[in-house]
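# Observations on chain architecture
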Amino acid sequence: MKAPICEVCLKTEDILCPADEKKLQDGVISELDLKISRMLYKLLGDADVEFKKAVEAGDLVVIMVGEGNVPLVIGKGGKNIKLLMRELGKRVRVIEGLEIKGTDEIKKLATDLLYPASVFGVNVVYAPSGQYYKVLVIRRDQQKLPAKHETLEDILSKIIGSDVKISFI
């Protein structure tokens, strides 16, 4: 399993090597990344899975994994997700982590995160306060959102590293 921490730190419970300790101190990884990395390692072992990052807002945790790894992390019949939800005490979504180059990647992330609601598009808005992204969701799908739209905006903003607003059209 590929994770943001080394294999030795994955296998140990409470201690981190100096390199991973520095990553934690510098904010490269978070406590949540550590916790999820270790939990996924316990569940999946040495499976060919890449865990990239975990983001949390409200009662929702989003786990970002490598391309094509979503079904492995979810597990047969959702058994891995159910264990993670029980362990964390929060709802869990698994999406593919992408490198953000433009609005196409943001639309893919938003589509994965907001499913089953439909994402119509993503606009870049240049405001006096600075640039932000507007994710356009079809109004009839407003009830289909997996969480409150404020929570989803918060998670998308953390993933992208820029402000995100969800608008209904």
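### Things to note about the overall build of the protein chain
Tallying secondary structure elements over the protein chain gives seven helices and six strands in all. The C-alpha atoms of the protein chain give 17 Å as radius of gyration, which agrees with the globular expectation for 169 residues (15 Å, within 12%). Taking the principal axes of the C-alpha coordinates as reference, the protein chain spans close to 50 × 40 × 25 Å. In the structure as shown, the protein chain presents an accessible area of about 9,300 Å², 51% of it carried by carbon and sulfur atoms. Averaging the locations of the 26 positively and 25 negatively charged side chains of the protein chain gives two centres separated by 6 Å.

### Details of the sheet that holds strand β1 (residues 51-57)
The strands making up a sheet associate through hydrogen bonds between their backbones, and the pairing can be parallel or antiparallel. If you walk across this open sheet you meet the three strands as β1-β2-β3, and the pairing is mixed. The sheet terminates laterally at β1 and β3 (91-96), the two strands that pair on one side only. For this sheet the average axis-to-axis angle between neighbouring strands, irrespective of direction, equals 20°. Pairing of β1 with strand β2 (residues 60-65), which is carried by six bridges, proceeds in the antiparallel orientation.

### Regarding the nonpolar core
One finds I36, L40, I63, V92 and V94 to be the most contacted residues of the largest nonpolar core, which totals 28 residues. When contributions to this core are tallied by element, the ones reaching two or more residues are α1 (7-11), α3 (31-44), β1, β2, α4 (70-74), α5 (79-88) and β3. Counting residues per element, this core draws most heavily on α3, which supplies seven residues. Apart from the residues within four sequence positions on either side, V94 is in contact with I63, V65, V70, V73, I74 and I81.

### Observations regarding the side chain of S157
Along the chain, S157 falls in helix α7 (residues 149-160). The contact partners of S157, leaving out residues within four places of it in the chain, are S162, D163 and V164.

### Details of the pattern of salt bridges
Within the structure shown, the criterion is met by 11 salt bridges. For D20, the salt bridge goes to K23, with nearest N and O atoms at 3.6 Å. Taken as a pair, D20 and K23 lie in helix α2 (residues 18-26) at a separation of three residues, close to a single helical turn. Assessed through its relative accessible area of 2%, D20 is described here as buried. With a relative accessible area of 30%, K23 lands in the partly exposed category. Two residues, D112 and K108, come together in a salt bridge whose shortest N-O distance is 2.9 Å. Here the residue D112 and the residue K108 both occupy positions in helix α6 (residues 103-114), the gap between them amounting to four residues, near one helical turn.

### Regarding the layout of surface pockets
Looking at the largest pocket, its volume works out to about 190 Å³. Along the walls of the largest pocket sit E13, K35, R38, M39, K42, L43, L83, L84 and E87, which together make up its complete lining. Broken down by secondary-structure element, the contributors of at least two residues to the lining of the largest pocket are α3 and α5. Of all the elements, α3 adds the most residues to the lining of the largest pocket, at five residues. Across the lining of the largest pocket, the residue classes tally to four nonpolar, no polar and five charged.

Parameters at a glance
- Residues numbered from 1 in each chain as written.
- Predicted model: local features only at pLDDT ≥ 70, side-chain atom pairs only at ≥ 80, totals over all residues.
- Heavy atoms only, no water.
- Helix = DSSP H or I, 4+ residues; strand = E, 2+ residues; numbered from the N terminus.
- Rg over C-alpha atoms; globule rule 2.2 N^0.38 Å.
- Areas by Shrake-Rupley, 256 points an atom, 1.4 Å probe, with all protein chains shown as cover.
- Lys, Arg positive; Asp, Glu negative; His and termini not counted.
- Charge placed at Lys NZ, Arg CZ, Asp CG, Glu CD.
- Pairing = 2+ DSSP bridges.
- Axes fitted to C-alpha atoms, helices over the stretch in contact; angles between N-to-C directions.
- Core = buried A, V, L, I, M, F, W, Y, C linked by side-chain atoms within 4.5 Å.
- Buried < 20%, exposed > 50% of the residue type's maximum accessible area, 1.4 Å probe, protein only.
- Contact = heavy atoms within 4.5 Å.
- Salt bridge = Lys/Arg side-chain N within 4 Å of Asp/Glu carboxyl O.
- 1 Å grid on protein atoms, 1.4 Å probe; cavity = no way out; pocket = protein on both sides within 12 Å on 5 of 7 lines; lining within 4 Å.
- Points joined across faces, edges and corners; volume = space filled by probe spheres on them.
- Nonpolar A, V, L, I, M, F, W, Y, C, P; charged D, E, K, R; others polar.

No statement about biological role is implied by the geometric values presented.
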